[in-house]
Amino acid sequence: MSEILAIGSYTETDMEGLREMGARVVESLDAMRGLPEAERAEVRAVAYKGHHDFGADEMALLPGLGVIANYGVGYDAIRIDAADAAGVRVTNTPDVLNDDVADLAVAMLLMQQRRMLAGDAHVRSGAWAGGESFPLNRKVSGRRAGIMGLGRIGRDIADRLAAFKMEMHYHARSEKETPGWTYHADPVSLAREVDYLVVALVGGPETENYVSKEVIEALGPEGVLINISRGSTVDEAALLDALEAGRLGGAGLDVFRDEPRVDPRFHALERVVLQPHQGSGTHETRAAMGRLQRDNISAFLDGRDLLTPVN
Ligand code: NAP
């Protein structure tokens, strides 16, 4: 019996931290549903790590629940309206992962434009040693970059790309204090003005297909789309159609609609870099995310202010 229930697949470091707090750990929401009623009734705090919907039905199974501490900054799997209705607080893990996600966005852009996967294969296959030359690519520094969603992560990506001497453009719901950068109220206008479009929006129903067919077409045959946000923010069918037809130059994707299942049409596309949703996937950052998740739970149980509340 424990008042803390951790749901998800945690690293050994996180498991240690959770065990020290006396948490009970289960692998999945299904495993939570299978717990005896008396054990579910004990739970006051959930440490959640997962992308499956945590909604009103799941909350109803935990009648003593007071807080859901999400592992990750994106909490689109947790129904905030249901949490509000049930009087459940929700926390997330912002900021500690900005550097890693921004690094990955820039890395995917460089890999895509400099065709680094093909370059690696060119060396390993012996083609280079055999005298075959590697084709020239496009210069990255000094091009025009657009950031879709200039929040915590988007800002860190923008700062990195500005250091590559790029002309900076962005779209968000509101204009920011960004001297020398151009704000676009309209996402299509942003895409039309840039060579690279990096998506750092929140996920969830409000931004579903925000990167629409029109945005993709406006980016054009030389343009590159980088997405580190959520698969849901991009119209994936339109993206695939545009890539296959050459109406979009390329893409770097860390997130997908139906991940971890990736549409096999992507596999055949040479101008696309694919990553397994590993934006925050370093030892340092994952440990910091776990710590912040547990600190939020401790704050709640001790009656202190939550560190990073969402609602
Ligand atoms: P954030 O600070 O909240 O920034 C989100 C941005 O999205 C803001 O610029 C915001 O506009 C914009 N936005 C929100 N709702 C919108 C709407 N309805 N229409 C248009 N724009 C909207 O979030 P963050 O900390 O940067 O994180 C961004 C996302 O990255 C997370 O939600 C998560 O999904 C994703 N992420 C991915 C990974 C990975 O491993 N690939 C890791 C961490 C996070 P305003 O600035 O005008 O408010």
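A quick note: this is a predicted structure, and the numbers were derived from the prediction, not measured.

K.L.:
How would you sum up the pattern of salt bridges? Please name residues and give values.
P.N.:
Scanning the model with the defined rule gives 22 salt bridges in all. Residues Asp120 and Arg124 are paired through a salt bridge, measuring 2.4 Å at the closest nitrogen-oxygen approach. In this pair, Asp120 and Arg124 both sit in helix H7 (residues 116–124), four residues apart, roughly one turn of the helix. For Asp120, a relative accessible area of 37% gives the class partly exposed. Classification of Arg124 as exposed rests on a relative accessible area of 69%. Put simply, Asp195 and Arg144 hold a salt bridge, and the shortest N to O gap is 3.1 Å.

K.L.:
Tell me about the domain arrangement of the chain, residues and numbers included.
P.N.:
Each assigned domain of the chain is listed with its residue range as follows: domain 1 (4–94 + 283–301) and domain 2 (98–274). Taking only C-alpha atoms, the centre of domain 1 and the centre of domain 2 are 32 Å apart. Listed as interface residues are seven residues of domain 1 and, on the opposing side, six residues of domain 2. Across the domain 1/domain 2 interface, buried area totals approximately 540 Å², and carbon plus sulfur atoms make up 46% of it. Counting every contact that joins domain 1 to domain 2 gives one salt bridge. Note that Arg230 is salt-bridged to Asp76, the shortest N-O span being 3.1 Å. Across the domain 1-domain 2 interface, the total number found is three residue pairs in polar contact (both at pLDDT 80 or more). Partitioned by chemical class, the residues of the side of domain 1 that touches domain 2 number two nonpolar, four polar and one charged.

K.L.:
Could you give an account of the nonpolar core, with specific residues and numbers?
P.N.:
If you look at the biggest cluster of nonpolar residues, it comprises 41 residues, and the most contacted ones within it are Leu109, Ile147, Ile157, Leu161, Met166, Met168 and Ile228. In terms of residue count, helix H6 (residues 98–113) provides more of this core than any other element does, seven residues in total. Of the domains in this structure, domain 1 (4–94 + 283–301) and domain 2 (98–274) are the two that each give at least three residues to this core. Not counting residues within four places of it along the chain, the set of residues in contact with Ile157 comprises Ala102, Ala105, Ile147, Val198, Ala200 and Ile228. Listed in part, the 27 residues of the second largest apolar core include Ala191, Val194, Val211 and Ala218.

Quick notes on the rules
Residues numbered from 1 in each chain as written. Predicted model: local features only at pLDDT ≥ 70, side-chain atom pairs only at ≥ 80, totals over all residues. Heavy atoms only, no water. Salt bridge = Lys/Arg side-chain N within 4 Å of Asp/Glu carboxyl O. Helix = DSSP H or I, 4+ residues; strand = E, 2+ residues; numbered from the N terminus. Buried < 20%, exposed > 50% of the residue type's maximum accessible area, 1.4 Å probe, protein only. Domains from an automatic or database assignment. Contact = heavy atoms within 4.5 Å. Buried area = accessible area lost by both parts, 1.4 Å probe. Polar contact = N/O pair within 3.5 Å; in protein donor to acceptor, adjacent residues only side chain to side chain. Nonpolar A, V, L, I, M, F, W, Y, C, P; charged D, E, K, R; others polar. Core = buried A, V, L, I, M, F, W, Y, C linked by side-chain atoms within 4.5 Å.

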